[in-house]
Amino acid sequence: TQLLEQSPQFLSIQEGENLTVYCNSSSVFSSLQWYRQEPGEGPVLLVTVVTGGEVKKLKRLTFQFGDARKDSSLHITAAQPGDTGLYLCAGDTSYSGAGSYQLTFGKGTKLSVIP
Amino acid sequence: NAGVTQTPKFRVLKTGQSMTLLCAQDMNHEYMYWYRQDPGMGLRLIHYSVGEGTTAKGEVPDGYNVSRLKKQNFLLGLESAAPSQTSVYFCASSYYRERDTEAFFGQGTRLTVV
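Residues numbered from 1 in each chain as written. Chains lettered and ligands numbered in written order. Predicted model: local features only at pLDDT ≥ 70, side-chain atom pairs only at ≥ 80, totals over all residues. Heavy atoms only, no water.

Here we take up the overall build of chain A. In terms of helices and strands, chain A carries zero helices and 11 strands. Listing the helices and strands of chain A from first to last along the sequence gives β-β-β-β-β-β-β-β-β-β-β. Rg of the C-alpha trace for chain A: 14 Å, near the compact-globule value of 13 Å for 115 residues, within the 12% margin. If one aligns the C-alpha atoms of chain A with their principal axes, the spans along those axes are about 45 × 30 × 20 Å. (Helix = DSSP H or I, 4+ residues; strand = E, 2+ residues; numbered from the N terminus. Rg over C-alpha atoms; globule rule 2.2 N^0.38 Å.)

Here the focus is the interface of chain B and chain A. Every contact between the two is made by 22 residues of chain B and, on the other side, 25 residues of chain A. Across the chain B-chain A interface, the total number found is zero salt bridges. Counting residues per element, the ones that place at least two in the side of chain B that touches chain A are strand S4 (31-38), strand S5 (42-49), strand S9 (87-96) and strand S10 (101-105) of chain B. Residues belonging to the side of chain B that touches chain A are distributed by class as follows: 12 nonpolar, six polar and four charged. (Contact = heavy atoms within 4.5 Å. Salt bridge = Lys/Arg side-chain N within 4 Å of Asp/Glu carboxyl O. Nonpolar A, V, L, I, M, F, W, Y, C, P; charged D, E, K, R; others polar.)

Per the stated rule, a full pass over the model turns up 11 aromatic pairs over all chains. Centre to centre, the rings of Tyr 35 of chain A and Phe 105 of chain A are 5.5 Å apart; their planes meet at 50°, and the pair counts as tilted. Here the residue Tyr 35 of chain A occupies a position in strand S4 (residues 31-37), and Phe 105 of chain A occupies one in strand S10 (residues 103-105), the gap between them amounting to 70 residues. Note on Tyr 35 of chain A: relative accessible area 0%, which makes it buried. Owing to a relative accessible area of 8%, Phe 105 of chain A belongs among the buried residues under this scheme. Ring geometry for Phe 105 of chain A versus Phe 105 of chain B: centroids 5.9 Å apart, planes at 75°, classification edge-to-face. Within this pair, whereas Phe 105 of chain A is found in strand S10, its partner Phe 105 of chain B is found in strand S10, the two belonging to separate chains. Residues Phe 105 of chain A and Phe 105 of chain B agree in their burial class; the two are buried. (Phe/Tyr/Trp six-rings, centres within 6.5 Å; stacked < 30°, edge-to-face > 60°. Buried < 20%, exposed > 50% of the residue type's maximum accessible area, 1.4 Å probe, protein only.)

Enumeration over the complete set of coordinates arrives at six salt bridges over all chains. As a salt-bridge pair, Glu 54 of chain A and Lys 56 of chain A come within 3.8 Å of each other at their nearest N and O atoms. Taking relative accessible area as the criterion, Glu 54 of chain A reaches 19% and is therefore assigned buried. Notably, a salt bridge pairs Glu 30 of chain B with Lys 71 of chain B, separated by 3.0 Å at the nearest N-O pair. Of the two residues, Glu 30 of chain B sits in the loop between strand S3 (19-25) and S4 while Lys 71 of chain B sits in the loop between strand S7 (64-67) and strand S8 (73-78), which places them 41 residues apart along the sequence. Each member of the salt-bridge network shares a partner with another, and the members are Arg 36, Asp 38 and Arg 44 of chain B.

Before going further, it helps to spend a moment on the pairing of S5 of chain B. All names here are of chain B. In terms of burial, S5 is a largely internal element, eight of the eight residues being buried. Of the pairings in the sheet, the one linking S4 to S5 comprises seven bridges and is antiparallel in character. When the bridges of S5 are listed, Arg 36 appears paired with Arg 44. Linking S4 back to S5 in an antiparallel pair, the connection comprises three residues, with Gly 40 at a positive phi of about 80°. With two bridges connecting them, S5 and strand S6 (residues 56-57) associate as antiparallel partners. Paired with His 47 across the two strands is Lys 57, which belongs to S6. The loop that links S5 with its antiparallel partner S6 comprises six residues; one of these, Gly 53, has a positive phi angle of about 85°. (Pairing = 2+ DSSP bridges.)

This next bit is on the nonpolar core. Among the nonpolar cores identified, the biggest contains 21 residues, and Leu 19, Leu 32, Trp 34, Phe 63, Leu 74, Ile 76 and Leu 111 of chain A are the most heavily contacted of them. Breaking this core down by element, the ones donating at least two residues are strand S3 (19-24), S4, strand S5 (44-49), strand S7 (61-65), strand S8 (71-76), strand S9 (85-92) and strand S11 (109-114) of chain A. Those residues in contact with Ile 76 of chain A, other than ones at most four positions away along the chain, are Glu 17, Asn 18, Leu 19, Arg 60, Leu 61, Asp 83, Tyr 87 and Leu 111 of chain A. Residues Leu 13, Cys 23, Ile 46 and Val 60 of chain B belong to the second largest nonpolar core, which totals 19 residues. (Core = buried A, V, L, I, M, F, W, Y, C linked by side-chain atoms within 4.5 Å.)

Next comes the structure, spelled out in structure tokens:
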């Protein structure tokens with residue numbers, strides 16, 4: 001079973017602060033996705049990274065895929081209360097040769113941004 | 001755009017009762033999935049389907065059955081509910097591209113087994 005470790009598990013910060021959350025694995029992924037989930041809702045895709053070393057920006061959010069495609073990070077600049085939620089990373093093993101079509105999810109980072 | 005729709009949204013079952021959760025998607029996606037989400041455990045895959053008429057086991061399939069008779073629908077059945085099946089269940093669908101998969105989720109079904 002593929003394993004994705006997310007850290008930290010919980011994060012509570014003041015509005016305006018910067019933060020980084022991490023997603024690590026010993027496995028290589030063909031791509032990695034970041035989702036955000038709000039209470040009572042299903043996860044919603046934020047971004048997909050595909051190439052090792054790739055960096056993508058989504059307004060104040062910066063996503064990076066590790067060179068070896070085993071890890072990823074999400075950096076939020078000047079966090080706002082609207083960023084509050086559960087952030088999940090998910091790895092796709094489609095290129096692993098295992099023939100799987102499923103995403104493996106990390107346990108998530110629960111972020112609270114205090115006004 | 002409805003996307004992925006799950007019914008019901010909430011349900012309370014007594015131990016030993018059975019029920020079926022329905023998932024419908026209108027995006028013509030080939031792949032559909034059932035996950036459960038428990039505190040501290042993240043999303044765990046129960047069963048999935050790579051096309052109409054096909055199903056496969058995921059990480060935690062015991063106590064559940066599924067069917068995919070139509071491309072747009074994916075049903076999750078609990079034959080004899082147990083308290084350990086109290087959870088939030090999410091259905092998802094996805095399309096396949098050469099190098100990545102992106103999942104679209106429903107809003108979830110909160111199931112309590114007493």
